[in-house]
Each structure stands twice: as C-alpha cells, then as structure tokens.
Amino acid sequence: MKKISRREFLQGTVAGAASIALAGVLNPAELNAKAAGDVETVTLAFMAFSVPSDAAIQRVEDAMNEILAEDGIAIDILIMDSASYFQQIPLMIAGGEKVDTYSALAMFSSMVSGGYALDLEENDLLQTYGQGIVDTMGDYIDGCRFGGVLYGLPQNRDYASPNGYMIANQYLDTIGLEYSADEVNYITEEELDDIFARLHEAYPEKTVIACQTVARTAILNDYAGGDWFGVMMDPTNSLELSNLYATDEYYEYCEQYYNWNQMGYISQDAMTDTSVSSSEAISSGKAMAYECGIKAGIILQESTNNGTPTSAFVVEGKDEYILPSAAFADMPWCISSLTDVPEATMKLLNALYTDAALQTLIIYGVEGEDYVTTDDGFLTYPEDTSDIYHPNVPAYMQNEFITPVWEGNDADVWEQTKETNENAIKSIAMGFSFDKTNVSTEYTALTNAYEEYRYQVEYGFVDPATGIAEMNEKLEAAGLSKYIEEKQSQLDAWGEENNIL
C-alpha cells in the first residue's frame, strides 16, 4: 500500500485528501485493519514549531512500534505546523479522516461543542485501558471536564509560575549590573525601575521592554470557565466573580506600562507589531527585556529561543502565583468521537503517559540520530543536525516528567517543576466548566470590545484613568453584566453540587 507523504497531504485540501483516500492511498479501512500479529494502528496528531521530515518521523514511528507491538497497537504520527493544524484537524475529523487522538490546544472547547471529542469514561474506557493515566495525573484530570463529562486528558507539565522579567545578559553586562545568570534574581520594584532606566540611558535607540499580552495572567486571579470576563480575585476563599478590568490590580498594571511608555521604554510601533514575538524582538536586537512566567528551566528555554543568554528577574512581593482552575483544559489530549479504535487509542495514550522510552521517542526522537546522551545523563544535539526529529513541543506531549533532562537544565528540573505547581495558590473552582451557549453573542461582543482597547490600555499608550473607563463602558454595552451573571449562576450551581464552601 502506498503511503502519502505528510507534506503532500498538508499541501492539499481536505477534499483532496478524501479523494485520495477513496482511491486507496489513505484508505482508513486499510489503516485500521489488523495486520499480522493483530495490530491496530492509531493515528496521533499534534502541532509542532519545527515539523520534522517524513524520514525523521518514520524513524521515530518504527522505533515506537517495536515497543508497542507487545500491546497489539501501532502508532502513525501526524505532525503539522500551527497554521495547518488549527485549520485541518477539525476538518479532517468532520470529514472522516484518520485521526484517533489529537492535542486539542486552544480548540478544546470548540472540539467538545462540535461533538469531535469522545467521552473518555464512556464504557469505562479510561478506567479499563488508562489506569496508568489516572495514577499519573490524579485529580488534575477533573480539570478537563465539561458539564461533568471527561473529554480530555491534561499533561504533566508546568501549570503555574510567578510572573517576572527576562533580560538579555549582554545589556546587563554593559550597564555593569551584578546578577546571577544561572538562578532567578529577586529584586525590588525600585531596583527594576533602576535597571530599566540604566538600560534606556545606555541604549536609547532600543526598546527596553517588548510588550506581551500578559496583563491578565500577570494579575493574581482565576479565570474561571476559561475566559477573563468574570474572574475570581480571591480564588481560595470565594466563588464570587468580579470584572477584572475594574479592579485596582488591573489599573496598577496598566499605570506601570503607561509610565514606562512616557519614559520611552516601549516601542511606538508596539500596537501595530503585535505579531512580533518577544524572542524575535530580542534576537533581532530591537528589545532588551520582556515579561515572562518564571518557571523551572526558564533560563535555558528563553536563552535558546532568543539566541542569546538571558537572565530571569522576579519582583519581591509580586511573586505569588495561582494554579488557575482552567489551566488543565488549556491544551489537553482528546480522542476523536469518530475513532473506530477507542480501546487501542486509550492504550496508546496510557503507554505514552507511563513509558519513559516511548515518551522520550515522541518528544526527542531516536538516540544517536536525533539526540545524544552526555556522560552526565543529559540529552543534547548530535553532531549532524541536518535531519533530526525535533518538534520542540515537549510541554504539549503527555508526560515530559518521565523523560531525561535536556542539557543546560538542572538535573532535578522536573522535581522543581512539580514543586512549583504544588506551591501555587489553588483555586477552589477546579473542575468547573462554563457553558457559553446562552451568552455566546455577548462573548463575541465582549471579545471585540476588549480587543479594541487592550493594546492601547495595556501597553501604556493611553492614560489608564481615561482609557480603562472607556473600555469598561464598551464592555458594559457589550453585555458584560449579563455575561458575568450567567457565569456566576453556573459557578454557584456547580459549587453547591460539589459542596464548595
């Protein structure tokens, strides 16, 4: 049977792929047929920042299938870039294409409402074939419920971290700052202001801080139900929802950026250059710093992304952080409701959550070809990197905590990450999901109103005293009170049903 290449598939339309399937090239019946040894093939799809070649993917598939054969299953890996993934996956499933399990990412809610996600507890599917997942993830699994039904599985990854700043070392060295390049630097608000002032004086032509859309996550709150129109400002003690954009905390955040903008720290093109990432701004030399969640391993991660050594800073007194109730539903793994191999798919996911060899293969590839192991037990690149399997999305996968550590991180980075998660403020709304059906029109209007103002207000281009007031007027006109009332009603009912407070 001829197997169409992934690149050929992604260059065509879904309709074209369907016609190919009918012609026998991607025949789902053939792909699902039990081959010798009674093997069932499971197609697993995910998005990658760097899509490997077909040869590299095939190399990983072959290595994984040698292990999976004992369980009577085989994996077919489908990797796409972000633009293709978000467009193609819903269409492929709707069109009956072969996708058994997929990383839902930001599509989770829409895939559930569209009927493309399987109830993972139906017919005891998870309990029978996924006990290893249950043992590994524990109560975190409940964060992927909608209306009490389990449609997704969270990963073992960093879920919470204090907000801070990353600053490129080359500029810190120029101003003569004493700092740690290997550990997080804890500083006062005054010290941060001093650092920015000195950077601006030394490099007046550069942007001091590259703007990022992190205001809502930088403020301590729980975005219950997965959106910020109605948040819990006291998430450990109360289910009461508030308008985030009317809080003192939001005002103070915007006021700080307004002051920085007045001082010339922010690019005057920030509102129009919203597609430029912080990494691009740093690597191109346009900016020197940016806001970032300071998780374990962040220094290596950001230094690699930026292409230059970068250090981490956290302001003392602003180092509290929350594990939001919606965090586990940010990018879960789902099983397609149209799969014809649900048991085999759950068995595959269970293996990926629990088998270190399989998880290492799907994240980093084959040892000796896609990575090598140092004498200290760390993973690093091989000498020849011309055709390596390196999707660069370890946190999107199932359980990176059971894989070896990449060179440059602390040997105990996974233990540090677990500790960071455990030390976070826990929301009492864990497991709550919000059905927007009755206020879907308001949600669209609210999103449009917020997007009209967010960059002006949060990047400091308007005085928050007037800008925030105007934004809240638009939000109210768009139905904010009605929206929060509906969410509060559902949250209260959920709290009563689950004996919360």
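Residues numbered from 1 in each chain as written. Predicted model: local features only at pLDDT ≥ 70, side-chain atom pairs only at ≥ 80, totals over all residues. Heavy atoms only, no water.

### Quick notes on the overall build of the protein chain
This is how the line gets drawn: What counts as a helix is a DSSP run of H or I of at least four residues, what counts as a strand is a run of E of at least two, and both are numbered from the N terminus. Throughout, exposure labels follow a simple rule: accessible area from a 1.4 Å probe, protein chains only, divided by the maximum for the residue type, with under 20% read as buried, over 50% as exposed, and the rest as partly exposed. We call two residues in contact when some of their heavy atoms are within 4.5 Å. Residue burial considers only the protein chains on display, and all accessible areas are found by Shrake-Rupley using a 1.4 Å probe. His residues and chain termini do not enter the charge count, which takes Lys and Arg as positive and Asp and Glu as negative. Note that the charge is assigned to NZ on lysines, CZ on arginines, CG on aspartates and CD on glutamates.
Counting its regular elements, the protein chain contains 20 helices and 15 strands. For the protein chain, the proportion of its 501 residues judged to be buried stands at 52%. A sequence separation of at least 24 residues applies to 77% of the contacts in the protein chain between residues at least 6 apart. Accessible area for the protein chain stands at about 21600 Å²; split by element, carbon and sulfur atoms hold 46% of it. Taken together, the 23 basic and 82 acidic charged side chains of the protein chain have centroids lying 6 Å from each other.

### A word on the packing of aromatic side chains
We apply this condition: When two rings of Phe, Tyr or Trp (its six-membered ring) have centres within 6.5 Å they constitute a pair, described as stacked for plane angles under 30 degrees, edge-to-face for angles over 60, and tilted for the intermediate range. For a Lys NZ or an Arg CZ to count as sitting over a ring, it must be within 6 Å of the ring centre and within 35 degrees of the ring normal.
Under the counting rule described, the total for this entry stands at 26 aromatic pairs. For the ring pair Tyr159 and Phe328, a centre distance of 4.4 Å and an interplane angle of 55° mean the geometry is tilted. On the criterion of sequence distance, the pair formed by Tyr159 in the loop between β5 (149-150) and β6 (163-168) and Phe328 in the loop between β11 (322-323) and β12 (333-335) is long-range, its members being 169 residues apart. Just as Tyr159 is buried, Phe328 falls in that class too. A centroid spacing of 5.1 Å and a plane angle of 65° characterise the contact between Tyr257 and Trp260, whose relative ring orientation is edge-to-face. Pair noted here: Tyr257 and Trp260 are both in helix α12 (residues 248-262), with a separation of 3 residues, about one helical turn. A residue is classified by how much of its surface remains accessible, and Trp260, at 3% relative accessible area, is buried. Ring pairing ties together the aromatic residues Phe229, Tyr245, Tyr250, Phe434, Tyr443, Tyr450 and Tyr483, which thus form one cluster. Arg454 extends its terminal NZ or CZ atom over the ring of Tyr455, reaching a point 5.5 Å from the ring centre.

### Description of the packing of α12 against helix α19 (residues 464-477)
Worth spelling out the cut-off: Fitted lines through C-alpha atoms serve as axes, helices being fitted only where they are in contact, and the angles separating the N-to-C directions of these axes extend from 0 to 180 degrees. Small angles under 35 degrees read as roughly parallel and large ones over 145 as roughly antiparallel, with 65 to 115 read as roughly perpendicular and the rest as oblique. Note: crossing handedness is left-handed where the near helix turns anticlockwise from the far helix by less than a right angle, and right-handed where it turns clockwise.
The contact between α12 and α19 brings their axes to 10 Å, and the two run at 130°. By the angle between their directions, the pair α12 and α19 is classed as oblique. In terms of crossing hand, the pair formed by α12 and α19 is right-handed. Taking contact as the criterion, the partners of Tyr250, Tyr251, Cys254, Glu255 and Tyr258 in α12 are, on α19, Pro464, Ala465, Ile468 and Met471.

### Describing the sheet that holds strand β10 (residues 310-315)
Rules: Pairing between strands is defined by DSSP: at least two bridges between them are needed.
One open sheet holds the 5 strands; their spatial order is β7-β10-β6-β9-β8, and the pairing between them is mixed. Each edge of the open sheet carries a strand with a single partner, namely β7 (185-187) and β8 (207-210). Across the sheet, the axes of successive neighbouring strands diverge by a mean angle of 30°, strand direction being ignored. Where β6 lies against strand β9 (residues 287-293), 5 bridges are found, and the strand directions are antiparallel. In the strand pairing of β9, Asn163 is matched with Gly293. On the sheet, helix α10 (residues 189-202) packs against β6, β7, β8, β9 and β10 and is oriented at approximately 25° with respect to β6. In this fold helix α14 (residues 298-306) packs onto β6, β9 and β10, with an angle of close to 130° to the strand it touches most, β10.

### Focus: a negative patch on the surface
Formally: Each patch is built from residues that are more than 30% exposed by relative accessible area and take part in no salt bridge. Like charges join if they lie within 9 Å; nonpolar side chains (Val, Leu, Ile, Met, Phe, Trp, Tyr) join within 5 Å. What makes a salt bridge here is a side-chain nitrogen of Lys or Arg within 4 Å of a carboxyl oxygen of Asp or Glu, nothing more.
Residues Asp182, Glu183, Asp410, Asp412, Glu415, Glu419 and Glu422 make up a contiguous surface patch of negative charge. With respect to the element layout, Asp412 can be found in the loop between β14 (379-380) and α17 (413-423).

### A short note on the environment of His200
Mapped onto the elements of the fold, His200 is located in helix α10. Sequence separation between His200 and Gly264 is 64 residues, and the spatial gap between their C-alpha atoms is 7.9 Å. If sequence neighbours within four positions are ignored, His200 has contacts with Val208, Met263, Gly264 and Tyr265.

### Regarding the pattern of salt bridges
Applying the stated criterion to the full structure yields 13 salt bridges. We note a salt bridge from Lys98 to Asp100, for which the minimum N-O separation is 2.7 Å. The same class applies to Lys98 as to Asp100, namely buried. One salt-bridge network, held together by shared partners, links Arg59, Glu369 and Asp370.

### Here's the deal with the side chain of Glu400
Residue placement: Glu400 occurs in the loop between β14 and α17. It is Lys295 that comes nearest to the buried, bridge-free Glu400 among opposite-charge side chains, at 6.0 Å.

### Some remarks on the pairing of β10
Most of β10 sits out of view: 6 of its 6 residues are buried. Here β10 shows no split at all, with Thr310, Ala312 and Val314 on one side and Ser311, Phe313 and Val315 on the other all buried. Of the strand pairs in this sheet, β6 and β10 are connected by 4 bridges, and their pairing is antiparallel. Its bridge partner lying in β10, Ala168 is registered against Thr310. Alignment of β7 against β10, held across 3 bridges, turns out to be parallel. In the sheet register, Asn185 faces β10, and the bridge partner there is Phe313.

### Remarks on helix α5 (residues 82-94)
This is how the line gets drawn: Multiply 1.5 Å by the residue count of a helix minus one, and that product is the helix's expected span. Here the bend at a residue is taken as the angle between two axes, fitted respectively to the seven residues that end there and the seven that start there. Definition of a polar contact: a pair of N or O atoms within 3.5 Å, with one able to donate and the other able to accept a hydrogen when the atoms are protein atoms, and with sequence-neighbouring residues admitted only if both atoms are side-chain atoms.
In this model, α5 (13 residues) spans 19 Å end to end at C-alpha, consistent with the 18 Å of a helix rising 1.5 Å per residue. At Gln88, α5 shows its maximal kink, close to 35°; a proline, Pro90, follows between one and four residues later. Within α5 the residues assigned to the buried category are Ser84, Tyr85, Gln88, Ile89, Met92 and Ile93. Near the N-terminus of α5, the side chain that reaches the backbone nitrogen of Ala83, with its oxygen 3.1 Å away, is that of Asp81.

Bear in mind that shape data such as this cannot, by itself, settle questions of function.
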